[in-house]
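A look at the structure
Here is what each chain is made of, one letter per residue.
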Amino acid sequence: MKKGDKVSLKIEKLVYEGAGLGKIDGFSFFVENTCPEDVVEAEITVVNKHFARAKLIEIKEPSPHRVKPFCPIHNACGGCGWQFIDYDFQLDQKRNIVAETVKKLAGREIEVKPVIKSPKTREFRSKVQYPVAQTKVSKRLLAGYYKKGTHELINVKFCPIQPNITGKIVNFAKEAAQELGISGYNEKTHKGELRHIVIRYSMEKNECLVIFAVNDTKLSEKFKKLAEKLTKEFAHIKGVCINYNTAKTNVILSNDTRCICGNRFYFEKIGEIEYKISANSFFQVNTGTAKNIFDTVKDIIEKNYPQSLVLDAYSGVSSFGVYLKESAAKIVSVEECKSASEDALENARLNNAQNMEILNGDAKKIFENLINEGRSFDITLLDPPRKGCEKESLDFAAALTKKAIIYVSCNPATLARDIKYLEENGFRAKYIQPFDMFCHSYHIESLCLLEKG
């Protein structure tokens, strides 16, 4: 078996990162753009000792779970790769991925409940982050997503998983920027002005904040004029900001964001709670699914640990903390991003959450300080980034927690790793509840309840 060989196989299941898995005599093949129960012919592209990767050549027998993608550029764009799979079947596959990942990495089977659906499967994404480039000859500005596995930019004029207004704003911004002589960024030469167009959209209020990430350290008059054109054209835009980012990295926004028109924040409402969210502050991209997660956490606490002391770590704008204001006796929110902590203070005030304490700083250091102060909590809520928690942070969290840890994760592998570590340190995972935050993609949001003792 070698690169270039063709194989025929039946796809058994989908795996994390999206490929279909098929086997021949027990040897695994991973094939992109396939669906379980497809019978396919594929060409081997990479051979390793235990598996091979292959590209799809032909679907000989299509799976009954295949459907027609609703996006015309689905095959080209790397934004959401599972549109050709029936939605309910996507959820089954996500549940399987979580269960198998946890069993493999945590070392035991843990109950994984059926995935809770997203309330909306189109126009659900409230944050748009488009890299910008420029054609060599016509100098036309392009903005969109990279083709999967490449840095080839696919120009996106309409994206059905984002609110329609965001596409109109991006298209207008591209044309206006081109008229003003604003150049697109070239990541190879590190030249060009406009790196990214970012839009933060409020589903509840139908308003948005526009951020231009620029390869510069000072404000150009051209961007002032662009902001004026945008706010004149769209009443939905409540603020335009410039983010100065001259670093040679793939980080989209630096910490240096300045408002040039209107506000540098917007408001979102989930249930009865109103949130102020600044340009650099994290907030869930699917507010319908965010509400499902918030309600689940609230229900766990009210039914099992009423009026508890809650430690809310990696808290962002205190999206969980403020939501739990009536369910907990007190909430201490911990967040490293300064703008998010400032938003959290404002959100506590906006929602009359008088039982909240907001701490700004690195979670590990603040955990250690809380231990040194002799403090403890009934419940610790952990919602870390994709890389999960550091072991030392988990040690501190375990020491601070008397009853249970609620761990929210967007990465099954790091979730499983951290579950195993917590189980080795006095906790026991009761179950995992997945949620569909990122429809039509392999990404999965999960909540695990771990009880002490």
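Look up a bit, the structure's there.
What counts and what doesn't
Residues numbered from 1 in each chain as written. Predicted model: local features only at pLDDT ≥ 70, side-chain atom pairs only at ≥ 80, totals over all residues. Heavy atoms only, no water. Pairing = 2+ DSSP bridges. Helix = DSSP H or I, 4+ residues; strand = E, 2+ residues; numbered from the N terminus. Axes fitted to C-alpha atoms, helices over the stretch in contact; angles between N-to-C directions. Left-handed = near helix turned anticlockwise from the far one by under 90°. Contact = heavy atoms within 4.5 Å. Nonpolar A, V, L, I, M, F, W, Y, C, P; charged D, E, K, R; others polar. Buried < 20%, exposed > 50% of the residue type's maximum accessible area, 1.4 Å probe, protein only. Polar contact = N/O pair within 3.5 Å; in protein donor to acceptor, adjacent residues only side chain to side chain. Salt bridge = Lys/Arg side-chain N within 4 Å of Asp/Glu carboxyl O. Expected span 1.5 Å × (residues − 1). Core = buried A, V, L, I, M, F, W, Y, C linked by side-chain atoms within 4.5 Å.

**A few points about the sheet that holds strand 18 (residues 377-382)**
Sheet strands associate in pairs through backbone hydrogen bonding, adopting either a parallel or an antiparallel arrangement. Overall, mixed pairing links the 7 strands, which are arranged 17-16-15-18-19-21-20 in an open sheet. Two strands bound the open sheet, and with one partner strand each, they are strand 17 (356-360) and strand 20 (427-435). Taken over all neighbouring pairs, the strand axes of this sheet differ in orientation by 15° on average, direction set aside. By the bridge criterion, 5 bridges tie strand 16 (residues 330-335) to strand 17 in an arrangement that is parallel.

**Regarding the packing of helix 7 (residues 363-372) against helix 8 (residues 391-400)**
Interhelical geometry of helix 7 versus helix 8 gives an angle of 35° and a closest axis separation of 9 Å. Handedness of the crossing formed by helix 7 with helix 8: left-handed. Facing Lys364, Phe367, Glu368, Leu370 and Ile371 of helix 7, the residues of helix 8 in contact are Glu392, Ser393, Phe396, Ala397, Ala399 and Leu400. The class makeup of the residues in the contact of helix 7 with helix 8 is 7 nonpolar, 1 polar and 3 charged.

**Some thoughts on the sheet that holds strand 1 (residues 6-14)**
The 5 strands lie next to each other as 1-2-3-5-4, forming a closed barrel whose pairing is mixed. The sheet shows a mean angle of 50° between the axes of neighbouring strands, direction not considered. Sheet topology places strand 1 next to strand 2 (residues 20-24); 3 bridges connect them, and they run antiparallel. Note that in strand 2 the partner of Ile11 across the bridge is Gly22.

**Things to note about the environment of Cys208**
Tracing the backbone shows Cys208 in strand 10 (residues 207-214). Note: C-alpha distance between Cys208 and Glu268 (60 residues apart in sequence) is 9.8 Å. If we ignore the near neighbours within four places in the chain, the residues touching Cys208 are Ile169, Ile199, Arg200, Tyr201, His236, Ile237, Lys238 and Gly239.

**Section: the environment of Ala416**
Among the structural elements, Ala416 can be located in helix 9 (residues 412-423). A sequence separation of 316 residues divides Ala416 from Glu100, and the C-alpha atoms of the two residues are 9.9 Å apart. Contacts of Ala416, omitting those with residues within four sequence positions, involve Thr101, Val102, Leu105 and Ala106.

**Examining the side chain of Thr414**
With respect to the element layout, Thr414 can be found in helix 9. Given a relative accessible area of 11%, Thr414 falls into the buried group. A polar atom in the side chain of Thr414 sits 3.3 Å from the backbone oxygen of Asn411. When near neighbours in sequence (up to four residues on either side) are disregarded, Thr414 contacts Arg386, Lys387, Gly388, Tyr407 and Ser409.

**Quick word on the pairing of strand 15 (residues 309-313)**
Along strand 15, 4 of the 5 residues are buried, which leaves the element largely enclosed by surrounding structure. Pairing analysis gives 5 bridges linking strand 15 to strand 16, with the strands arranged parallel. Within strand 16, the residue paired with Leu311 across the bridge is Val332. Pairing of strand 15 with strand 18 involves 4 bridges; the strand directions are parallel. Within the sheet, the bridge partner assigned to Val310 lies in strand 18 and is Ile379.

**Considering the pattern of salt bridges**
Per the counting criterion, the structure on display carries 24 salt bridges. The closest approach of N and O atoms between Lys2 and Asp5, which form a salt bridge, is 3.2 Å. Here the salt bridges share partners, and the residues they tie into one network are Lys330, Glu357, Glu373 and Arg375.

**Points about helix 2 (residues 164-179)**
With 16 residues, helix 2 should reach 22 Å at 1.5 Å per residue; the first-to-last C-alpha distance of 23 Å fits that figure. Following helix 2 by one or two positions, Gly181 adopts a phi angle in the positive range, close to 80°.

**What about the nonpolar core?**
Formed by 46 residues in total, the largest nonpolar core has its most connected members in Tyr275, Val297 and Ile406. Per element, the largest residue contribution to this core is 6 residues, and it comes from helix 4 (residues 287-304). Setting aside its immediate chain neighbours within four residues, Ile406 contacts Val297, Ile300, Ile301, Ile379, Thr380, Leu381, Leu382, Leu447, Cys448 and Leu449. Counting residues in each nonpolar core, the second largest holds 42 residues, with Phe84, Ala313, Ala363 and Cys389 among its members.

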